[in-house]
Amino acid sequence: MARSGSYRITAALTAGIVLAACTTQVQRIGYDDGRDACRALVVQLDSTGNFFGEDIVQAAAIGAVSGALISGLATGTWQGALTGALIGAPTGAAIGYYSALQRQQRDQAGVNAQIANDLQRENAELNRTQIAFDQLFDCRLRSAQHIRQAVRDGRLNREVATQQLAEIRQRANGDIALAQNINGRISTRGAEIDGAIDAVVPGGKVGLATAGTPQPTRVTPQRNVDVVFSPQPDSPKIAEIRPREAVAVRPGPPGFVQVETANGVRGYAPSAAFPAPRASVQQPAEGSDVRSLAATNLSRRETFTASVSNAERLTQSSGFELTS
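Reading the values: rules and limits
Residues numbered from 1 in each chain as written. Predicted model: local features only at pLDDT ≥ 70, side-chain atom pairs only at ≥ 80, totals over all residues. Heavy atoms only, no water. pLDDT = per-residue confidence, 0-100. Helix = DSSP H or I, 4+ residues; strand = E, 2+ residues; numbered from the N terminus. Contact = heavy atoms within 4.5 Å. Buried < 20%, exposed > 50% of the residue type's maximum accessible area, 1.4 Å probe, protein only. Phe/Tyr/Trp six-rings, centres within 6.5 Å; stacked < 30°, edge-to-face > 60°. Lys NZ or Arg CZ within 6 Å of the ring centre and 35° of its normal.

Caption draft 1: Quick look at the confidence of the model for the chain. Looking at the chain, the pLDDT average stands at 80 and 76% of residues meet or exceed 70. By mean pLDDT, the top-scoring element of the chain is helix α5 (residues 108-152) (95), and the lowest-scoring one is helix α1 (residues 2-20) (43). For residues 59-75, every residue scores under 50 in pLDDT, and the model assigns this stretch 40 contacts once sequence neighbours within four places are set aside. With pLDDT under 50 throughout, residues 77-94 is counted as low confidence; its partners more than four residues away or in other chains account for 34 contacts.

Right, here's the structure in full:
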């Protein structure tokens with residue numbers, strides 16, 4: 001009877017751990033008050049976080065079940081089951097992925113093929129999340145620009161405009177908190193992926209990061225160049241580079257480079273605006289082998305983290321000021 005009770009305790013604890021890790025959409029992004037022009041994009045970003053949460057929670061639950069069963073059955077008490085669950089959850093999440101692949105596949109070639117397949121899916125979802133965040137924050141910045149333009153045109157008084165900008169800033173802070181939450185899930189999931197990368201790629205994560213991170217190139221354009229927040233179509237302007245102003249340039253998506261101005265503004269600019277040769281700032285082509293996919297995965301994780309940090313910086317500085 002004691003053992004049967006321990007099984008029931010373990011089941012209850014496991015369910016509790018899984019449920020504790022879950023939140024509702026309303027808890028994450030609040031109710032729709034009908035006044036947010038960017039609401040659909042908030043929902044879109046939130047939906048991308050589901051992918052990065054599901055498997056991590058399952059891996060933690062598997063570890064929790066194992067730990068709770070061992071401790072709970074050994075002691076016959078709920079205290080033992082609880083201790084095992086708390087210890088087992090992070091352990092299961094940390095070692096679950098690569099160990100599971102080794103158990104599932106017949107040989108190392110099978111393990112590598114599965115890692116490549118998983119990385120392709122992971123990279124596609126990272127790209128989806130990046131686009132969703134870029135589109136959402138672009139929407140916030142455009143909303144702020146429209147208010148400033150209305151003030152310049154005399155269609156809106158400054159007091160009302162200031163209040164509206166403060167509301168947009170508050171919503172943008174909520175967007176950033178949501179993105180940081182998703183980024184935390186990405187990082188937790190990435191820790192499992194990194195373990196697999198270290199096991200199958202020569203040099204592991206450190207080697208890929210060292211080889212795949214190009215140093216910024218200092219360049220000076222010959223004309224005025226607009227800096228936009230993201231490489232999305234119609235992304236709002238956040239700065240302007242003057243002729244012969246030196247800026248740091250890194251690889252970007254097709255048609256763009258990432259730039260950082262002397263006063264610390266980061267964004268994207270057309271690659272054609274900078275003098276040749278630009279070979280040192282070209283983004284590497286993506287391959288289908290594990291090494292190339294792993295390098296892409298690391299790059300996309302880093303890019304998303306940088307985008308969220310850049311949005312936070314803009315929100316705290318001039319992004320939603322009346323005089324921007």
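Caption draft 2: Representation of the environment of Ile168. Assignment of secondary structure puts Ile168 in helix α6 (residues 158-200). Looking at Ile168, the relative accessible area reads 11%, which means it is buried. If near-sequence neighbours (up to four positions away) are discounted, Ile168 is found in contact with Arg140, Ser143, Ala144, Ile147 and Phe320.

Caption draft 3: Layout of the packing of aromatic side chains. Taken as a whole and judged by the stated rule, the model has seven aromatic pairs. Relative to Phe52, the ring of Phe51 has its centre 5.1 Å away and its plane inclined at 85°; by these criteria the two rings are edge-to-face. Taken individually, Phe51 and Phe52 each receive the classification buried, so the pair is uniform in this respect. Centre to centre, the rings of Phe133 and Phe304 are 5.9 Å apart; their planes meet at 80°, and the pair counts as edge-to-face. Of this pair, Phe133 sits in helix α5 while Phe304 sits in helix α8 (residues 290-316), and the two are 171 residues apart along the sequence. Using a relative accessible area of 1% as the deciding quantity, one classes Phe304 as buried. Each residue in the set Phe133, Phe137, Phe229, Phe304 and Phe320 is aromatic and connected to the rest through ring pairs, giving one cluster. Arg189 extends its terminal NZ or CZ atom over the ring of Phe51, reaching a point 4.2 Å from the ring centre.

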